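Summary of structural features
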Amino acid sequence: MATLEEIKARKTDIGPPPVEKFLHPIIKENYGKWRYHEILKPGVLAHTAESGAVIYTVRAASPRLISTDFIRYISDLAERYCDGYLRFTSRNNIEFLLANKENIEPLIAELEKDGIPVGGTGRSISNIIHTQGWVHCHSAATDASGLVKAVMDELCGHFKNEDMPAKLRIAVACCLNMCGAVHCSDIAILGLHRTPPKIDQERVPKVCEIPSTVASCPNAAIRPTFIDGKKSVKIDEDRCMYCGNCYTVCPAMPIADPLNDGVSIWVGGKVSNTRSGPSFTKLAIPYLPNNPPRWPEVTSAIKNIVEVYAKNARRQERMGEWIERIGWTKFFSLTGIQFTKYHIDDFKHAGLSYRRTTQMRGLV
């Protein structure tokens, strides 16, 4: 049996390489031994270790989809200012890790000269986490990268300055399968389909496995049938939730509909246990049209919600906490969003009793 030393010495291409290999020396030497961190200015953090060592972080914005030229550009900056050490956050921010405090301002000056904003720390809007959108996803109801660009162009000032009541997290998912964090962000932009898939009966028996297609529907809206003597499927439109799962396994059932697909806005979610427990987002605006390339209706709605929140929330009060304090009636009144029948929550299952937090309830 191999010893631990032998296992560690093995070379393999299975799985990621050891993370220690890429850590900044100061982080590696003080791993798990940090005393505190502070924000020196928007986009600049300092982490101080028990040993007294300090590592500085400069956070800059980045698109999720980047070119090789951009990778070479930021790599060159990292080589010149921070010994080649940088990392990407889950929200697509670039973090340059510096040992020399004197390099902070020259790095920021060069980034801003090239149009790359620095910020996203503390009480600000961080970069938007998002899904694939039209560039990759086959079931997208809206774009992701283009929509994020349009929204952040309007909100960039709140990225560069800590002028929010608390940190504000925004997410975009191009359909309700949401491979983004739209269920637990302060503001969520969710693409939605509004019509059932269109069945190409001629192609179904050629490219689709009927049992897999039937099983793909979470609402049991797809049933096997025969069309002109050939195996096929039919859709119970009253049960269809327009998720597009069936198209994933059956390319003869496309769900994209340029005339009816659109965007919905959700608010009030968070992952943090600070102050209050984690919470799911709730519907704010049921439908806005897809109008690329700038999505004026969506960007206007998001900007309005952000500005009303910034004006009325208390310090360190997250979006959902603010809404819970003032009540949803006042939220709709302040934002001018029209209340509709779609806002009535008729979910029949245990949405409020699911365990979503590490906070302990008091013992009776």
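Small disclaimer: the values here were computed from a predicted structure and weren't measured. (Residues numbered from 1 in each chain as written. Predicted model: local features only at pLDDT ≥ 70, side-chain atom pairs only at ≥ 80, totals over all residues. Heavy atoms only, no water.)

**Considering the overall build of the protein**
Assigned secondary structure in the protein consists of 11 helices and 12 strands. Over its C-alpha atoms, taken along the principal directions, the protein stretches across nearly 75 × 65 × 55 Å. Out of the 364 residues belonging to the protein, those deemed buried represent 42%. Contacts spanning at least 24 positions in sequence make up 64% of the contacts within the protein whose residues lie at least 6 apart. With the model as given, the accessible surface of the protein reaches about 20400 Å², and the carbon-plus-sulfur share is 54%. Treating the 46 positive side-chain charges of the protein as one cloud and the 39 negative ones as another, the clouds have centres 5 Å apart. (Helix = DSSP H or I, 4+ residues; strand = E, 2+ residues; numbered from the N terminus. Buried < 20%, exposed > 50% of the residue type's maximum accessible area, 1.4 Å probe, protein only. Contact = heavy atoms within 4.5 Å. Areas by Shrake-Rupley, 256 points an atom, 1.4 Å probe, with all protein chains shown as cover. Lys, Arg positive; Asp, Glu negative; His and termini not counted. Charge placed at Lys NZ, Arg CZ, Asp CG, Glu CD.)

**Details of the nonpolar core**
Among the nonpolar cores identified, the biggest contains 38 residues, and Ile187, Ile189, Ile265, Val298, Ile302 and Met319 are the most heavily contacted of them. For this core, the elements supplying multiple residues, two or more each, are helix 5 (145-160), strand 7 (170-173), strand 8 (187-192), strand 11 (262-267), strand 12 (282-289), helix 9 (296-312), helix 10 (319-326) and helix 11 (328-335). Apart from the residues lying within four places of it in its own chain, the contact partners of Ile189 are Leu147, Val151, Ile170, Ala171, Val172, Ala173, Val182, Val263, Ser264, Ile265, Val298 and Ile302. Membership of the second largest hydrophobic core comes to 20 residues, among which are Cys82, Phe96, Ile104 and Ile108. (Core = buried A, V, L, I, M, F, W, Y, C linked by side-chain atoms within 4.5 Å.)

**Brief notes about the sheet that holds strand 11**
Adjacent strands of a sheet pair through backbone hydrogen bonds, lying either parallel or antiparallel. If you walk across this open sheet you meet the five strands as 6-7-8-11-12, and the pairing is mixed. For this open sheet the edge positions go to strand 6 (129-130) and strand 12, each flanked by a neighbour on one side alone. With six bridges connecting them, strand 8 and strand 11 associate as antiparallel partners. When the bridges of strand 11 are listed, Gly191 appears paired with Val263. Sheet strands touched by helix 9: strand 8, strand 11 and strand 12. Its angle to strand 12, the strand with the most contacts, is close to 150°. (Pairing = 2+ DSSP bridges. Axes fitted to C-alpha atoms, helices over the stretch in contact; angles between N-to-C directions.)

**Observations concerning helix 10**
All buried positions along helix 10 are accounted for by Met319, Gly320, Glu321, Trp322 and Ile323. Of the surrounding secondary structure, the elements contacted by the buried residues of helix 10 are strand 8, strand 11, helix 9 and helix 11. One or two steps after helix 10, the chain reaches Gly327, where phi turns positive at roughly 90°.

**Concerning the packing of aromatic side chains**
Under the defined criterion, the tally for this structure stands at eight aromatic pairs. Aromatic pair Phe332 and Phe339: ring centres 5.4 Å apart, planes at 90°, arrangement edge-to-face. Look at Phe339 and you get partly exposed, because its relative accessible area is 48%. By the ring-pair criterion, three or more aromatic residues cluster together here, those being Tyr309, Trp322, Trp328, Phe331, Phe332 and Phe339. The ring of Tyr287 has Arg194 sitting right over it, with the charged end atom 3.7 Å from the ring centre. (Phe/Tyr/Trp six-rings, centres within 6.5 Å; stacked < 30°, edge-to-face > 60°. Lys NZ or Arg CZ within 6 Å of the ring centre and 35° of its normal.)

**A word on the sheet that holds strand 5 (residues 94-98)**
Taken together, five strands build an open sheet; the order of strands is 1-2-3-5-4 and the sheet is antiparallel. Strands with a single pairing partner mark the edges of an open sheet, and in this sheet they are strand 1 (34-41) and strand 4 (86-88). Here the average twist between neighbouring strands, direction ignored, is 25°. Pairing between strand 1 and strand 2 (residues 44-49): six bridges, direction antiparallel. Across the sheet, residue Glu38 finds its bridge partner in strand 2, namely Ala46. Packing against the sheet, helix 3 (residues 68-81) makes contact with strand 4 and strand 5, and its axis sits at approximately 20° to strand 5. Along the sheet face, helix 4 (residues 104-113) touches strand 1, strand 2, strand 3 (54-60) and strand 5 and points at about 10° away from the line of strand 3.

**Concerning the pairing of strand 2**
Burial of strand 2 is extensive: five of the six residues sit out of reach of the surface. Hairpin connection of strand 1 to strand 2: two residues between the antiparallel strands, including Gly43 at a positive phi of 90°. The pairing of strand 2 with strand 3 spans five bridges and is classified as antiparallel. Its bridge partner being in strand 3, Leu45 is matched across the sheet by Thr57. Remark: four residues form the turn of the hairpin made by strand 2 and strand 3, two consecutive strands paired antiparallel; Gly52 in that turn has positive phi of roughly 95°.

**Observations regarding the state of the cysteines**
Under the defined criterion, the tally for this structure stands at one disulfide. Here Cys208 is linked by a disulfide to Cys250, with a sulfur-sulfur distance of 2.0 Å. When the S-S torsion is 80°, as for the bridge of Cys208 with Cys250, the disulfide is right-handed. Of the two residues, Cys208 is situated in the loop between helix 6 (204-207) and helix 7 (210-215) and Cys250 in the loop between helix 8 (245-249) and strand 11; the sequence distance between them amounts to 42 residues. According to the relative accessible area criterion, Cys208 is buried, its value standing at 9%. Cysteine Cys217 is unpaired, with the sulfur of Cys243 as its nearest cysteine sulfur at 6.0 Å. (Disulfide = S-S within 2.5 Å.)

Remember that the coordinates give geometry; whether it matters functionally is a separate question.
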